[in-house]
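Here is what each chain is made of, one letter per residue.
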Amino acid sequence: MTAVAIPAFTVQRARPPWLRGPSLIGIISLATWLLVAVTLPLWSPHTPTEVVGGRLLGPSWSHLMGTDALGRDVFIRALYGSRISLPVAAIVIISAVLVGTIVGAAAGFLGGWVDAVLMRAVDITMAFPPILLAMAITASLGPGIRNVLIAMVLVWWPIYARLLRAQVIAVRQREYVDSAVAIGMSRGLILRRYVLPMAYTPVLVNATVDFGQVVLLTASLSFIGLGARPPSPEWGAMIFEGATNFYQWWIAAAPGIAILLVVLAFNFVGDALRDTFDVKDLGR
Amino acid sequence: MSDVPVLQVRNLVKEFRVRERGRASVVHAVSGVSFDVMPGETLALVGESGCGKSTTGRCIVRLTEPTSGEVRFRGTDLLQLKHAELRKARRHLQIVFQDPQASLHPRLTVRQLLSEPLEVHHEPADVVGQRVEELLGLVQLRPEHLDRYPHEFSGGQRQRVGIARALAISPSMLVLDEPVSALDVSIQAEIMRLLIDLRERLGLSYLFIAHDLAVVRQLADRVAVMYLGKIVETGFADDVYGNPQHPYTRALLSAVPVPDPIVERRRQRIVLAGELPSPIDPPSGCRFRTRCWRATDRCAEEEPLLIGRNRTATGHHVACHFPGDDATPTTAQPTTEQAPADQPTAEQRLV
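Sequence order as written defines residue numbering, which begins from 1 separately in each chain. Throughout, the order in which chains and ligands are written sets their labels, letters from A for the former and numbers from 1 for the latter. At least 70 in pLDDT is required for a residue's local features to be given in this predicted model, at least 80 for side-chain atom pairs to be given and counted, and no such filter applies to totals for whole chains, interfaces and linings, which use all residues. Where side-chain values are given, they derive from all heavy atoms of the structure, hydrogens and water being excluded.

**What to know about the overall build of chain A**
Strands are runs of DSSP state E lasting at least two residues, helices are runs of H or I lasting at least four, and both sets are numbered from the N terminus onward. When helices and strands are counted, chain A shows 10 helices and 0 strands. Of the regular secondary structure in chain A, the N- to C-terminal order runs α-α-α-α-α-α-α-α-α-α. Only the C-alpha atoms count toward the radius of gyration. The rule for a globule is 2.2 Å times the residue count to the power 0.38. Computed over its C-alpha atoms, the radius of gyration of chain A comes to 24 Å, more than 25% above the 19 Å expected for a compact globule of 284 residues. A principal-axis box enclosing the C-alpha atoms of chain A has dimensions of 75 × 75 × 30 Å. For chain A, the proportion of contacts with a sequence separation of at least 24, taken over those separated by at least 6, is 71%. Each accessible area is a Shrake-Rupley estimate made with a 1.4 Å probe; only the visible protein chains count as cover when residues are assessed. Carbon and sulfur atoms provide 69% of the accessible area of chain A, an area that totals close to 14300 Å². What makes two residues a contact is simply this: any of their non-hydrogen atoms within 4.5 Å.

**Some details on the overall build of chain B**
Along the backbone of chain B there are 12 helices and 14 strands. Here the C-alpha atoms of chain B give a radius of gyration of 22 Å, agreeing with the 20 Å that 2.2 N^0.38 yields for 351 residues. Dimensions along the principal axes, computed over C-alpha positions, put chain B at roughly 65 × 50 × 45 Å. Buried positions account for 52% of the 351 residues belonging to chain B. Using a 1.4 Å probe on the protein chains alone, a residue whose accessible area is under 20% of its type maximum counts as buried, one over 50% counts as exposed, and one in between counts as partly exposed.

**A word on helix H6 (residues 155-167) of chain B**
Residue and element names in this part refer to chain B. Here, expected helix span is obtained from the residue count minus one, scaled by 1.5 Å. For H6, spanning 13 residues, the distance from its first C-alpha to its last is 18 Å, which sits close to the expected 18 Å at 1.5 Å a residue. Most of H6 is tucked away: 11 of the 13 residues are buried. Among the residues of H6, Gly156, Arg158, Gln159, Arg160, Val161, Gly162, Ile163, Ala164, Arg165, Ala166 and Leu167 are the ones counted as buried.

**Focus on the environment of Pro124(B)**
With respect to the helices and strands, the residue Pro124(B) is situated in the loop between helix H4 (110-120) and helix H5 (125-138). Each C-alpha atom, one on Pro124(B) and one on Pro106(B), is 25 Å from the other, the two residues being 18 residues apart in sequence.

**Some words on the environment of Val216(B)**
Summarising the element assignment, Val216(B) is placed in helix H8 (residues 213-216). For the pair Val216(B) and Arg131(B), spaced 85 residues apart in the sequence, the C-alpha separation amounts to 30 Å.

**Here's the deal with the pairing of strand S8 (residues 205-210) of chain B**
All names here are of chain B. Taking burial as the measure, the 6 residues of S8 include 6 buried ones, the bulk of the element. On S8, burial covers both faces: Ser205, Leu207 and Ile209 on one face and Tyr206, Phe208 and Ala210 on the other are all buried. For two strands to be treated as a pair, DSSP must find at least two bridges joining them. Note: strand S3 (residues 42-46) against S8, 5 bridges, orientation parallel. Pairing of leucine 43 across the sheet is with leucine 207, part of S8. Regarding the hand of the β-α-β motif, the stretch spanning strand S7 (residues 173-177), helix H7 (residues 185-202) and S8 is right-handed. Convention used here: a crossover is right-handed provided that the path from the first strand, over the helix, to the second strand proceeds clockwise when the strands point away from the viewer.

**Some words on the interface of chain B and chain A**
Contacts between chain B and chain A engage 23 residues on the former and 16 residues on the latter. Each partner contributes to the roughly 1800 Å² buried at the junction of chain B and chain A, and carbon and sulfur atoms together form 56% of this total. Should a side-chain nitrogen of Lys or Arg be within 4 Å of a carboxyl oxygen of Asp or Glu, the pair is scored as a salt bridge. Our enumeration of links across chain B and chain A arrives at 2 salt bridges. Among the ionic pairs, Glu116(B) bridges to Arg193(A), the shortest N-O distance being 2.7 Å. Two N or O atoms count as a polar contact when they lie within 3.5 Å, although within protein this holds only if one can serve as hydrogen donor and the other as acceptor, and sequence-adjacent residues are included solely when both atoms are side-chain atoms. Counting every contact that joins chain B to chain A gives 12 residue pairs in polar contact (both at pLDDT 80 or more). Elements with a contribution of two residues or more to the side of chain B that touches chain A: helix H2 (83-89), strand S6 (93-96), helix H3 (100-103) and H4 of chain B. A total of 4 residues in the side of chain B that touches chain A trace back to one element, the largest contributor, which is H4(B). The classification used treats Ala, Val, Leu, Ile, Met, Phe, Trp, Tyr, Cys and Pro as nonpolar, Asp, Glu, Lys and Arg as charged, and all other residues, Gly among them, as polar. Of the residues contributing to the side of chain B that touches chain A, the split by class is 10 nonpolar, 5 polar and 8 charged. Two parts lose some accessible area (1.4 Å probe) when they are put together, and adding that loss for both gives the buried area.

**Remarks on the sheet that holds strand S2 (residues 23-37) of chain B**
All names here are of chain B. Ordered by their spatial adjacency, 4 strands build an open sheet running S2-S1-S4-S5, and the pairing between neighbours is antiparallel. Bordering the open sheet on either side are S2 and strand S5 (76-77), each of which pairs with just one other strand. Pairing geometry for strand S1 (residues 7-20) and strand S4 (residues 68-73), over 5 bridges, is antiparallel. Among the inter-strand pairings, glutamine 8 is bridged to a residue of S4, identified as arginine 72. Helix axes are fitted only over the stretch in contact, all axes being lines through C-alpha atoms; the angle between N-to-C directions runs from 0 to 180 degrees. This element, helix H1 (residues 53-60), spans S1, S2 and S4 of the sheet and lies at about 115° to S1.

**Details of a nonpolar patch on the surface**
Residues and elements named next belong to chain A. Patch membership is restricted to residues that have no salt bridge and whose relative accessible area is over 30%. Joining uses 9 Å for like charges and 5 Å for the nonpolar side chains Val, Leu, Ile, Met, Phe, Trp and Tyr. On the surface, Ile94, Leu98 and Val99 cluster together into a nonpolar patch covering about 260 Å² of accessible area. Tracing the chain through its elements places leucine 98 in helix H2 (residues 74-110). Taking the relative accessible area as the measure of exposure, leucine 98 reaches 52% and is therefore exposed.

**A word on the confidence of the model for chain B**
All names here are of chain B. The pLDDT score gives, residue by residue, the confidence of the prediction method on a 0 to 100 scale. When the pLDDT values of chain B are averaged, the result is 85; 90% of them are 70 or greater. Confidence drops under a pLDDT of 50 for residues 329-351, and excluding neighbours within four residues, the segment shows 30 contacts in the predicted structure. Reported confidence for the predicted complex is 0.82 by ipTM and 0.78 by pTM.

**Here we look at the packing of helix H1 (residues 21-43) of chain A against H2(A)**
Residue and element names in this part refer to chain A. Contact pair H1 / H2: the axes reach a minimum separation of 9 Å and the direction vectors enclose 120°. Between H1 and H2, the angle is such that the two are oblique. The element H1 and its partner H2 pack so that their crossing is left-handed. Only Leu79, Tyr80, Ser82, Arg83 and Leu86 of H2 make contact with H1, whose side of the interface consists of Trp33, Leu34, Val36, Ala37, Val38, Leu40, Pro41 and Trp43. Each angle is binned into one of four classes, with values under 35 degrees roughly parallel, values over 145 roughly antiparallel, values of 65 to 115 roughly perpendicular, and all other values oblique. Note on convention: near helix rotated counterclockwise from far helix by under a right angle means a left-handed crossing. Clockwise means right-handed.

**Remarks on helix H5 (residues 145-172) of chain A**
With 28 residues, H5(A) extends 39 Å between its outermost C-alpha atoms, agreeing within 8% with the 40 Å of an ideal straight helix rising 1.5 Å per residue. Taken as a whole, H5(A) carries its principal kink of about 30° at Trp156(A); the proline Pro158(A) stands between one and four residues after it. Note on bend: the value at a residue is the angle between axes fitted to the seven residues ending there and to the seven starting there.

Below is the structure:
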C-alpha cells in the first residue's frame with residue numbers, strides 16, 4: 001500500500017447563495033444606485049432641468065451622455081431618474097404587499113364565502129394583462145406619477161394575495177396551529193404569531209423580483225405618456241424624448257441602460273433568494 | 001374516585017364530506033361513540049389506523065367539529081359553547097399530540113412554548129416565570145433547556161416539552177393522542193413512566209389513544225376498543241385483557257408479543273385477513289363481520305349493540321352476537337416447532 005497524499009483544503013465557510021455570484025453583483029449594483037439616488041443633489045454639477053450648453057451634443061468628457069433637444073445633460077438626468085423610479089417602485093411594492101397580505105390572510109384564514117368573494121376579485125384583476133389594466137386605470141384617473149402609482153398598486157396586489165392565501169392555507173393545517181387552538185389562543189393571535197411568520201417568505205422573495213418589473217412598468221406608462229410629465233427626468237419619459245430624436249442615440253440609450261441595470265440587479269437578487277428559500281412559482 | 005364522570009361522551013358522530021371522482025360521498029369516521037371517564041381515571045381508546053380514534057380525540061377538544069353528539073366535560077357540553085367560552089373551557093382539557101416535531105412551533109423556544117398558554121389565559125408575568133420553572137421540573141427537563149428550540153432536542157425530550165405545554169394551565173384532564181407512537185421503543189417506556197407519575201402527582205384523568213393494546217396495559221384503568229368508527233368492546237383493563245370477548249379484541253391481543261421466546265413460539269396468533277373496510281361504505285350489520293371468522297347471516301342483518309355482561313355502568317360491554325372465546329377460530333391452530341420450514345409464516349390466515 002502506498003500512502004495516499006490527501007490534499008489539504010482550507011475550508012471556507014460557504015456564503016449563502018444570495019451573497020454569491022450574480023446576486024452579489026446585483027446587491028452591489030443596487031447599493032450603488034441607492035447611494036447615487038440619495039446623495040445626487042449634493043455632488044451633481046447640474047440639476048436635471050438645467051440647460052447646460054448646446055442642443056443634441058454627442059457624448060463628451062464634459063457631458064458623458066451628451067445633451068438633449070433642450071440642451072440638458074442626459075447623463076445627469078438619467079441618474080436623477082433613479083430618484084423617481086426607485087421610490088415609486090418601493091411605494092408600489094410595499095402598498096401592494098400590504099393590501100395583498102390583508103386580503104390573502106383573510107381569504108386563507110377565514111375561508112368560506114370571504115375566501116370565495118376575495119379570490120374572485122383576485123381572478124378578475126389578474127385576468128387582464130398588467131400593462132393594459134394599468135393603462136386603463138391611469139387613463140381614467142388622468143396622467144401623472146401619482147396616478148401611475150395608484151394604478152400599479154391596483155394591478156399588483158392580487159399576486160401577493162394569491163401567494164399568501166396559498167401559504168396561509170398550507171400553514172394553517174400544520175399541527176402546531178392545532179396546538180395553539182388547543183391552549184385557547186385567539187384567532188387573531190394565532191394568525192399573527194403562528195401563521196403569518198411561517199407563510200411570509202415566498203411573498204418577500206416575489207416582492208424582490210417584482211421590484212424590477214414595477215420599475216419597468218413605471219417607465220412603460222411614462223413612455224406612452226401616462227406617467228411622469230415632460231420636464232421630469234423619469235426614465236420612460238426620457239426614452240420617449242429620445243425616440244423623437246432618433247439619430248441622437250444617446251438620449252434614449254442613457255435611461256435605457258439605467259432601466260436595464262436596475263431591473264437586472266433586482267432579478268439577480270430575487271432569483272438567488274428564490275433558490276435559497278426554494279419557493280415554487282405560485283405567483284402568476 | 002368519585003362517581004361523577006369528568007368526561008361524558010354521548011353518541012359522538014363525525015362525518016366528513018368528500019368528493020371522490022366527482023361523486024359526493026360521506027366518510028363515517030366516528031359513528032355514535034359513547035363513553036365516560038371518571039376523575040383520576042385513565043381510559044385507553046384502542047384501535048388500528050383509520051378506525052376513528054384520533055378523530056374522536058380531536059372532536060372532544062373540538063379541534064375537529066363533530067357532526068353531532070354530546071361531549072360533557074365537568075358538566076358542560078363543550079359542543080354547545082361559543083367561541084369565547086370554549087377558549088376558557090379549554091384550560092381544563094388539554095391535548096398532547098402524537099408528533100412533537102409537528103406540534104411544537106419550530107421558531108419558539110421552550111420558554112416561549114411553555115409560557116404561551118399561561119399568557120393566553122392572562123397569568124401575571126411573575127407567575128408565568130415561576131410556573132415555567134415548575135413545569136420543567138415536572139417533566140424532568142433542566143433549566144438550561146429553556147432557551148433552546150424544539151429541533152435541538154431528541155424525540156423524547158420534545159414530547160416532554162409537549163406534555164409540559166399541555167400541563168401549563170393546570171388542566172384536570174389530558175387527551176393523549178398516541179403520545180408515544182412517534183418515539184423509539186426505549187424512549188416510549190420513559191414517557192409512559194412520566195405520564196403515570198404525572199397522573200399520580202397531579203390527579204389527572206387521561207383519555208389515552210393508542211393503536212396498540214400492549215402500550216396502554218401499564219397505565220389503563222379501563223379500555224375501549226374501536227373498530228371502524230364504533231366501540232366494539234369496553235371494560236376494566238383486567239377484564240378486557242384477561243377475558244376478551246369481541247373477536248377483534250382477541251385478534252388485537254393475540255398480536256401482542258410475549259417476552260418469553262418459548263411461549264412466544266407456541267403462542268396462537270390470530271391474523272386478520274384483508275384490510276379495514278372503507279369508512280365511506282361500512283359493512284351492514286356488524287362492521288367487523290367482513291374480517292370475522294365467526295360471522296353468520298345474522299351479523300350482516302342485525303347490528304350488535306354494546307351490551308353489558310353485568311349490570312354496572314362501567315362494566316364489561318361487548319358489541320358482538322357471538323361473544324366469548326368458547327369457539328376457537330376454525331382455521332387457526334396453535335403453532336408448533338414442527339411447522340414446515342418452507343411455509344412463509346406459521347400463522348394461519350383467517351378468511
